[in-house]
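# Coordinate analysis (summary)
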Amino acid sequence: MRILAIESSCDETAIALLEAKGQSLNLLKNQVYSQISIHKKYGGVVPEVAARKHLETIIPLLGSILGKDKLKNIDYLAVTAGPGLVTSLLLGLTAAKTLAYANKLPLVAVNHLEGHVYSNWLTSSDLVKNPKKFLPALVLIVSGGHTELVLMKGHGQYQSIGRTLDDAAGEAYDKVAKLLSLGYPGGPIVSKWADKGNTKAYDFPKPMLTSPNFDFSFSGLKTAVLYTLEKKKNINKKDIADICASFQAAVVEVLTTKAMIAAKKYQVKSIMLAGGVAANKALQQSLLQKSKSQNLPFFYPAANYTGDNAAMIAVAAYYNVVAKSGRIIKNKDILTLEPEANWQLSKNKI
Ligand code: KG4
Ligand code: ZN
């Protein structure tokens, strides 16, 4: 089965071609065009600019992926239908709908967060070969727009057990970077500074660490960083490194502690990390160490699949097809598909 997938939910235009054969996933093509250099000067993603750039990029990118074979030998189109910026989603969706409709192919509408979950399947052949050994899994999804703990019971079966009440973890990194004038996106920059700093220099709050649920809150932590900066007259490089290290330590402790308590409570067989913040080495190390002590396998995506990409959308689409999910849209219904900017992975929260 060959799947052509398109991802355009935020500021990356991405297209991938996946061949799934029995128990092997073979990524034939995978291209990501990142708009970071454009949005950098605004300190964040500007939706109108992102949409215009997707429009300019998507057709040439499709051409370079498909080449002269066009859509020959392709069985399914797949596209991110949400969650994300509606103006960005529309571009990928329109391209995928047009291609699928004109070529009489079925289209799989993929949830972006489900794509992030399946980035682990791109990285681990064990998961592809023997998913039952590792499911149910506790998945920690941490990105720029989402922070959520999800119980994955099987392919396409998710139950949300907690999520952020305000800022997402990635958003907190981005805002702290902005407060320190370090640039955008903040995650990779703050974590680099954190490597050089003292995690105990500042006693930042660890929001909701001991709350009797699995929800998160990161806006107070960002405010604590702001107050610290307001109190200081001058800040030098050591201050920046120490603030980043102490901030990161608080984020990592909250995320790890809650994930491990949830893993125990729901008696999962593995722990998975997903989303842009999954690239964070301190978070990977902390979860690796804690899951080892509970004898639980721990998965995190390879560095090239942590951020937004279409390969993960293709893999998620493949498992939607395998599970015969309701998200496979027949050719006659394709034109009615609309973006779902707030599409949740699981509507019912435990
Ligand atoms: O999943 P993603 O690429 O886009 C969304 O779906 O939101 O996640 C982007 C987020 C940004 O907030 C970025 O700062 C954060 O992931 N991020 C990181 C790291 N790399 C990217 N956060 C912490 N540490 C990193 N190394
Ligand atoms: Zn994402």
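Calculation notes
Within any chain, residue numbers begin from 1 and follow the written order of that chain's sequence. Chain letters start at A and ligand numbers start at 1, both assigned in the order the entries are written. In keeping with the model being predicted, local features are shown solely for residues with a pLDDT of at least 70 and side-chain atom pairs are shown and tallied solely at 80 or more, while totals for entire chains, interfaces and linings include all residues. Side-chain metrics rest on all non-hydrogen atoms present in the structure, leaving aside hydrogens and water. Each metal's donors are the N, O and S atoms found within 2.8 Å of it, except that Na, K and Ca use a 3.2 Å limit; water is left out, so coordination can look incomplete. Helix and strand definitions follow DSSP, with helices as H or I runs of at least four residues and strands as E runs of at least two, each counted in order from the N terminus. Neighbouring residues are identified by heavy atoms, a residue being near a molecule or strand if any of them is within 4 Å of it. Pairs of N or O atoms are called polar contacts if they sit within 3.5 Å, as long as, within protein, a hydrogen donor faces a hydrogen acceptor (for residues adjacent in sequence, only side-chain-to-side-chain pairs). Areas reported here follow the Shrake-Rupley algorithm with a probe of radius 1.4 Å; residue values treat only the protein chains shown as occluding. Source of the domain bounds: an automatic or database domain assignment. Residue contacts follow a heavy-atom distance rule, with two residues in contact if any of their heavy atoms lie within 4.5 Å. The quantity reported as buried area is the accessible area (1.4 Å probe) lost by two parts once they are put together, taken as the sum for both. The working definition used for a salt bridge is a side-chain nitrogen of Lys or Arg within 4 Å of a carboxyl oxygen of Asp or Glu. Categorising residues by exposure relies on relative accessible area from a 1.4 Å probe, with only protein chains included: less than 20% of the type maximum marks a residue as buried, more than 50% marks it as exposed, and the intermediate range marks it as partly exposed. For this analysis, a ring pair means two rings from Phe, Tyr or Trp (six-membered ring only for Trp) whose centres lie within 6.5 Å, classed as stacked if their planes differ by under 30 degrees, edge-to-face if by over 60, and tilted for the remaining angles. Criterion for a charge above a ring: Lys NZ or Arg CZ within 6 Å of the ring centre, and within 35 degrees of the ring normal.

### Quick word on the coordination of the zinc ion (ligand 2)
Protein coordination of the zinc ion (ligand 2) is provided by His 112 (NE2), His 116 (NE2) and Asp 308 (OD), with donor distances spanning 2.0 to 2.1 Å. Counting along the primary sequence, the residues that act as donors to the zinc ion (ligand 2) give the motif H-x3-H-x191-D. Of this pair, His 112 sits in helix 4 (residues 112-123) while Asp 308 sits in the loop between helix 11 (303-306) and helix 12 (311-322), placing them 196 residues apart in sequence.

### Brief notes about the site of ligand 1
Taken together, 20 residues surround ligand 1, and among them Gly 144, Asp 174, Gly 187, Gly 276 and Asn 280 come closest. At 3.3 Å, a side-chain N or O of Asp 308 approaches an oxygen atom of ligand 1. Taking 550 Å² as the accessible area of ligand 1 by itself, protein coverage stands at 85%. Mapped by element, the contributors of at least two residues to the shell around ligand 1 are helix 4, helix 6 (169-179) and helix 7 (186-195).

### Some remarks on the domain arrangement of the protein
On domain assignment, one finds that the protein holds domain 1 (2-119 + 306-336) and domain 2 (135-296). Here the C-alpha centre of domain 2 lies 28 Å away from the C-alpha centre of domain 1. Listed by partner, the interface residues are 17 residues for domain 1 and 16 residues for domain 2. Buried surface at the junction of domain 1 and domain 2, both sides included, amounts to about 1400 Å², of which 70% is carbon and sulfur. Contact with domain 2 buries surface across domain 1, with Leu 113, Val 117 and Thr 306 losing the most and accounting together for 38% of the total. For the pair domain 1 and domain 2, the number of links is zero salt bridges. In terms of residues, the side of domain 1 that touches domain 2 owes the most to one element, helix 4, which gives five residues.

### Structural notes on unusual backbone geometry
A cis geometry characterises the amide bond from Gly 82 onward to Pro 83, with omega recorded as -10°. Position of Pro 83 among the secondary structure elements: in the loop between strand 4 (76-82) and helix 3 (86-102). Cis geometry marks the peptide bond from Tyr 184 to Pro 185; its omega dihedral reads -10°. Here the phi dihedral of Ser 181 falls at roughly 55°; this positive angle occurs in a residue that is not glycine. Along the chain, the position of Ser 181 falls in the loop between helix 6 and helix 7. In this structure Ser 181 comes out as exposed when scored by relative accessible area, which is 66%. Unusually for a residue other than glycine, Lys 324 sits at a positive phi of about 50°. Take Lys 324: it is sitting in the loop between helix 12 and strand 11 (328-329). Residue classification places Lys 324 among the exposed residues on the basis of a relative accessible area of 72%.

### Section: the packing of aromatic side chains
In total, this model carries ten aromatic pairs according to the counting rule given. Both rings, one in Phe 216 and one in Phe 218, keep their centres 6.1 Å apart while their planes meet at 10°; by these two values the pair is stacked. Given the relative accessible area of 0%, Phe 216 is considered buried. On the basis of an interplanar angle of 65° and a centroid distance of 5.0 Å, the ring pair of Tyr 318 and Tyr 319 is categorised as edge-to-face. For the pair shown, Tyr 318 and Tyr 319 are each scored as buried. Above the face of the Phe 216 ring, Lys 258 is positioned so that its terminal group lies 5.8 Å from the ring centre.

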